[in-house]
Amino acid sequence: MDARDVGLQAACPVVIAPRFGALPDMASGQRLVVAANGLFVQVKLDWLDCIRCLTAQSIGLPLPYGKVEERLRFTFGVLPIQLIERFIEAGRQWLPNEAAGALIYSRTRGGLRLALCEPLRCSPGRIDYRVPPMGADESLAVDLHTHGRAAAFWSADDDRDDCGIKVAGVFGRLHDARPDACFRLVINGLYRPLPHP
């Protein structure tokens, strides 16, 4: 086999869901799982353990494999509302411009911290920013930004910018007493809506 294919398959292996046993544990990373009830992506990170179905229905071919259930677990539990409220307050200070921040997960502490992002360019309609430096035990878990006075929605720019694996959140109507928000799980171009915390 070509060495490049070996590398690609090592980075994102494909496993078969056992029919009679449990799905084998996995180390950090991503893999595809072929099951009787569809094709799934499984991701395991310090802060995330999830399995998401990639097919709308079963594959259509009766496969002699086991079934897999979707799951989504965050090591940190639910998003801390205090950090979300602090970010909203910081976003209000940037009005009418957009603002950006990050909830960074620490393996050592087992929790999240809020860090505001350095704007490289910002306006009422766009923000380009740099995520703050992180410690060796830290990783970006939640990417946050605002739409200033506009509504919260996923723009084409957001879809282009949201890559990798993270939770993304956008807040709009920051001038109102209760701004609106949208959250989604991002898995390498796959977007799944999440409830507003």
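This text goes with the structure placed above it.
Quantities reported herein were computed from a predicted structural model and do not represent experimental measurements.

Peer 1: Can you break down helix α1 (residues 3-11) residue by residue, with the values?
Peer 2: Along α1, only 0 of the 9 residues are buried, which leaves the element largely exposed. Two or three places before Arg4, at the start of α1, stands the capping residue Asp2, its side-chain oxygen 2.7 Å from that residue's backbone nitrogen.

Peer 1: Please provide a residue-by-residue account of the pattern of salt bridges, values included.
Peer 2: If you walk through the whole model with that rule in mind, you get 18 salt bridges. In this structure, Arg130 engages Glu118 in a salt bridge whose closest nitrogen and oxygen atoms are separated by 3.1 Å. One end of the pair, Arg130, is in strand β9 (residues 126-130); the other, Glu118, is in strand β8 (residues 118-123), and 12 residues separate them in sequence. Judged by its relative accessible area of 43%, Arg130 falls in the partly exposed class. One connected set of salt bridges, linked through shared partners, spans Arg121, Arg126, Asp128, Asp157 and Arg160.

Peer 1: Mind laying out the packing of aromatic side chains, listing which residues take part and the relevant values?
Peer 2: Tallied over the full model, the rule gives 6 aromatic pairs. With centroids separated by 5.8 Å and ring planes inclined at 55 degrees, the aromatic side chains of Phe87 and Phe171 adopt a geometry described as tilted. With Phe87 in helix α2 (residues 81-93) and Phe171 in strand β11 (residues 165-172), the pair connects residues that are 84 residues apart, well separated along the chain. With a centroid separation of 5.7 Å and 85 degrees between ring planes, the pair formed by Phe171 and Phe183 is classed as edge-to-face. Taken together, the positions of Phe171 in strand β11 and Phe183 in strand β12 (residues 180-187) put the pair 12 residues apart, joining distant regions of the chain. Linked through ring pairs, Trp47, Phe74, Phe76 and Tyr105 together constitute an aromatic cluster. Sitting above the plane of the Trp154 ring, Arg184 keeps its charged end 4.0 Å from the centroid.

Rules of the game
Residues numbered from 1 in each chain as written. Predicted model: local features only at pLDDT ≥ 70, side-chain atom pairs only at ≥ 80, totals over all residues. Heavy atoms only, no water. Buried < 20%, exposed > 50% of the residue type's maximum accessible area, 1.4 Å probe, protein only. Helix = DSSP H or I, 4+ residues; strand = E, 2+ residues; numbered from the N terminus. Polar contact = N/O pair within 3.5 Å; in protein donor to acceptor, adjacent residues only side chain to side chain. Salt bridge = Lys/Arg side-chain N within 4 Å of Asp/Glu carboxyl O. Phe/Tyr/Trp six-rings, centres within 6.5 Å; stacked < 30°, edge-to-face > 60°. Lys NZ or Arg CZ within 6 Å of the ring centre and 35° of its normal.

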